[in-house]
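# Architecture and fold: a report
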Amino acid sequence: MSHEGVEADYDLVVLGAGSGGYACALRAAQLGLTVALVERDKLGGTCLHVGCIPTKALLHAAEVADAARESETFGVRATLDGIDMDGVNAYRDGVVSKLFKGLTGLVRSRGITVVEGEGRVTGPRQVTVGGADGQVLTGRTLVLATGSRPRSIPGVEVDGSQVLTSDDALSLDRVPASVVVLGGGVIGCEFASVWRSFGAEVTIVEALDRLVPAEDPASSTALARAFRKRGITVRTGSPVQSAKTTDDGIAVTLEGGELVEAELLLVAVGREPVSDHLGLEEAGVTTDRGYVVVDERLRTGVEGVRAVGDLVPGLQLAHRGFAHGIFVAEDVAGLDPQPVDDVLVPKVTYSRPEVASVGLTEDAARAAHGDDAVQTLVYDLGGNGKSQILRTQGSVKLVRLVDGPVVGVHLVGERVGELVGEAQTIVGWEAHPDDVAPLVHAHPTQHEALGEAHLALAGKPLHAHS
Ligand code: NAI
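About the criteria used
Residues numbered from 1 in each chain as written. Predicted model: local features only at pLDDT ≥ 70, side-chain atom pairs only at ≥ 80, totals over all residues. Heavy atoms only, no water. Helix = DSSP H or I, 4+ residues; strand = E, 2+ residues; numbered from the N terminus. Rg over C-alpha atoms; globule rule 2.2 N^0.38 Å. Buried < 20%, exposed > 50% of the residue type's maximum accessible area, 1.4 Å probe, protein only. Contact = heavy atoms within 4.5 Å. Areas by Shrake-Rupley, 256 points an atom, 1.4 Å probe, with all protein chains shown as cover. Lys, Arg positive; Asp, Glu negative; His and termini not counted. Charge placed at Lys NZ, Arg CZ, Asp CG, Glu CD. Pairing = 2+ DSSP bridges. Axes fitted to C-alpha atoms, helices over the stretch in contact; angles between N-to-C directions. Expected span 1.5 Å × (residues − 1). Disulfide = S-S within 2.5 Å. Near = heavy atom within 4 Å. Polar contact = N/O pair within 3.5 Å; in protein donor to acceptor, adjacent residues only side chain to side chain. Parallel < 35°, antiparallel > 145°, perpendicular 65-115°, else oblique. Left-handed = near helix turned anticlockwise from the far one by under 90°. Phe/Tyr/Trp six-rings, centres within 6.5 Å; stacked < 30°, edge-to-face > 60°. Lys NZ or Arg CZ within 6 Å of the ring centre and 35° of its normal. Arc of directions from axis to C-beta. Core = buried A, V, L, I, M, F, W, Y, C linked by side-chain atoms within 4.5 Å.

Here we take up the overall build of the chain. Summing up its helical and strand segments, the chain has 14 helices and 24 strands in all. On C-alpha atoms alone, the chain measures out to a radius of gyration of 24 Å, which is about the 23 Å that the 2.2 N^0.38 rule sets for 466 residues. With respect to the principal axes defined by its C-alpha atoms, the chain has extents near 65 × 60 × 45 Å. With 466 residues in all, the chain has 52% of them scored as buried. Counting only contacts in the chain whose residues sit at least 6 apart along the sequence, the fraction spanning at least 24 positions is 63%. Only carbon and sulfur atoms are counted for the fraction: they give 50% of the accessible area of the chain, which is about 21,100 Å². Averaged over its 40 positive side-chain charges, the chain has a centre that lies 3 Å from the centre of its 63 negative ones.

Let's shift gears to the sheet that holds strand β8 (residues 163-164). Reading across the sheet, the five strands line up as β8-β15-β9-β10-β11 and stay open at both edges, with parallel pairing between neighbours. Lying at the two open borders of the sheet, with one neighbouring strand each, are β8 and β11 (233-235). Relative to strand β15 (residues 264-267), β8 is paired through two bridges, and the arrangement is parallel. Along β15, the bridge assignment pairs valine 163 with leucine 265. Against the sheet, helix α6 (residues 186-197) engages β9 (178-182), β10 (201-205) and β15, with an angle of about 165° to β10.

In a regular helix each residue adds 1.5 Å, so 15 residues correspond to 21 Å; helix α9 (residues 318-332) covers 21 Å between its end C-alpha atoms and thus fits that length. Here α9 lies mainly inside the structure; 11 of its 15 residues are buried. Ala318, Arg320, Gly321, His324, Gly325, Phe327, Val328, Ala329, Glu330, Asp331 and Val332 are the residues of α9 that are buried. Against the buried residues of α9 lie β1 (10-15), α1 (19-30), α2 (45-50), α3 (52-69), β6 (135-144) and β19 (305-307). Positive backbone phi, at 85°, marks glycine 334, one or two positions downstream of α9.

For the rest of this paragraph, the subject is the state of the cysteines. Under the criterion given, the structure shown has zero disulfides. The thiol of cysteine 24 is not disulfide-bonded; the next cysteine sulfur, from cysteine 47, is found 16 Å away. Overall, cysteine 24 belongs to the buried group, its relative accessible area being 0%. Free of any disulfide, cysteine 47 has its nearest cysteine sulfur in cysteine 52, 3.4 Å distant.

We now examine the site of the ligand. With respect to spatial proximity, 25 residues lie near the ligand, and among them Ile187, Glu206, Val240, Gly270 and Val348 are the closest. Interatomic distance of 2.9 Å between a backbone N/O atom of valine 240 and a nitrogen atom of the ligand. Protein chains bury 78% of the 850 Å² of accessible surface belonging to the ligand in isolation. Residue contributions to the shell around the ligand peak at four residues, all from α6.

Right, let's get into the packing of α3 against helix α4 (residues 85-109). Contact geometry for α3 and α4: axes closest at 9 Å, N-to-C directions at 140°. Between α3 and α4, the angle falls in the class oblique. Considering only the axes of α3 and α4, their crossing is right-handed. Along its contact with α3, which presents Ile53, Pro54, Ala57, Leu58, His60 and Ala61, the element α4 presents Met85, Val88, Asn89, Tyr91, Arg92, Val95, Val96 and Leu99.

Across all of its chains, the model carries two aromatic pairs by this definition. In this arrangement the basic side chain of lysine 42 is found over the ring face of phenylalanine 100, its NZ or CZ atom lying 5.9 Å from the centre.

The strand order across the open sheet formed by three strands is β12-β13-β14, and the pairing between neighbours is antiparallel. Unpaired on one side and paired on the other, β12 (240-246) and β14 (259-262) mark the two borders of the sheet. For this sheet, the mean inter-axis angle between neighbouring strands, taken without regard to orientation, is 20°. Judged from the four bridges that link them, strand β13 (residues 249-254) and β14 form a sheet pairing that is antiparallel. Bridge pairing in β14 links threonine 253 to leucine 259.

We now examine the environment of glycine 408. In this structure, glycine 408 sits in strand β24 (residues 406-413). Using a relative accessible area of 0% as the deciding quantity, one classes glycine 408 as buried. Taking the C-alpha atoms as reference, glycine 408 lies 9.5 Å from alanine 364; in sequence the two are 44 residues apart. Not counting residues up to four positions away in its chain, the partners in contact with glycine 408 are Val358, Gly359, Leu360, Lys397, Leu398, Val399 and Val427.

This part is about helix α12 (residues 420-428). Side chains of residues three or four places apart in an α-helix project in the same direction, reflecting 3.6 residues per turn. Of the residues making up α12, those classed as buried are Val420, Glu422, Ala423, Ile426 and Val427. Down the axis, α12 shows its buried residues gathered within 155° of arc, on one side only. Phi for glutamate 430, located one or two positions after α12, is positive at around 50°.

Ranked by internal contacts, the top residues of the largest apolar core, which has 47 residues, are Leu37 and Leu144. Of all the secondary-structure elements, those providing two or more residues to this core are β1, α1, β2 (35-39), α4, β5 (126-129), β6, β19 and α9. Look past the residues within four positions of leucine 37 in its chain and what remains in contact with it is Val14, Gly16, Ala17, Gly21, Tyr22, Ala25, Leu43, Val107, Ile112, Thr113, Val114 and Val115. In this structure, Ala65, Leu170, Ile204 and Leu266 belong to the second largest nonpolar core, which totals 33 residues.

Given below as structure tokens:
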């Protein structure tokens, strides 16, 4: 255990009880360490209260609305009378509160000391909670896990009623008639998808030349095509210059001067780390544009101080936060775990259709290994029985090294987020197409499309033209 000789109240003091912080606390307690977990708001953080869980509940309600609206496609006579946002929000809140209760009970059962209030770093591995005269907690290790918050941009002032962050969007009590979504990243695409399913006119304005720019360009193209088919206006290559509220809504000015108007504006231009006013500078913790600088074992430059989750540069995803938290707990306990590799962290955008991936994009693989060393294969979901039953379009794209392992899997289509588990096993275990090809996939599932793609790469395509 690190800093064994250090006098402290706890083995671990964790500042922030979101995905990274609470996972760290839970694992550390499991390993027999004493833990204080400091939280100013609610256990569970962004993911549980204003992120992953409530937005995915909205997206599920959106899927139900689409199923009703499109029921005749399947020969079922149902009509969509409308969206009762109070009902949707009650369903969503029910999901959140059940999980919150479960998490609270779990944390309690592991003997973790939860300290409610705003914490500030006031000394080496020391946190003071609740102002200067507050409770002082010292740890042999201090874990910074304060997460992230919506970023703003100059010229666009969020007012919480017409110009919204994703936090505000979640508490809307109505379906807007029209929305401009500023930013075509993950949050922008998910909210655009929900609002379109609920009947709003939606325009996405994205500065770069494609939606979900962190994904393989093929996925971006497929998503944009599907969104346009759904009636979502997609304006890529359109940086927003400014936005203002008007008598009946908002007006967004694009670079070049063009105006786009709507009832509401969602600002989804990324999330920034919450690291100001924490006392980090005084404690000697180095930050870079607000992110805490760490080595691959998530150690800051200050002895005994670690950082996890969205505070650390890289992917801002709840499951990466869990993995960071578990890693730090195990490392502190001396288990010598493997560091978390962002490349192997799966990503899912839960829009309709979904976009999911793990590993390298084609471009990244070519840049890392050279053009001649990379081979790709695209399997169209048109050949997959289950995809046809669901009436979804999309594809599986594999990126492999020639005579080597599969290094990237990129998926587009309804429900393909569920396939990323198999994809990450393939990429994480550095499987070759020949390793995957003999594995029998259940029929009819969309997993078969992954199997078929590997069969094709192994030189024995079944339901595909060779
Ligand atoms: P993002 O970084 O994914 O996308 C922001 C987009 O805004 C970028 O494409 C950027 O080019 C664009 N943009 C920035 N300035 C602009 C301007 N002036 N005009 C037009 N476009 C502009 O960030 P997002 O969507 O806000 O999400 C934040 C974080 O939360 C991400 O890291 C994301 O991965 C994570 N998240 C993950 C989810 C999931 O895993 N399903 C769901 C929601 C969020």
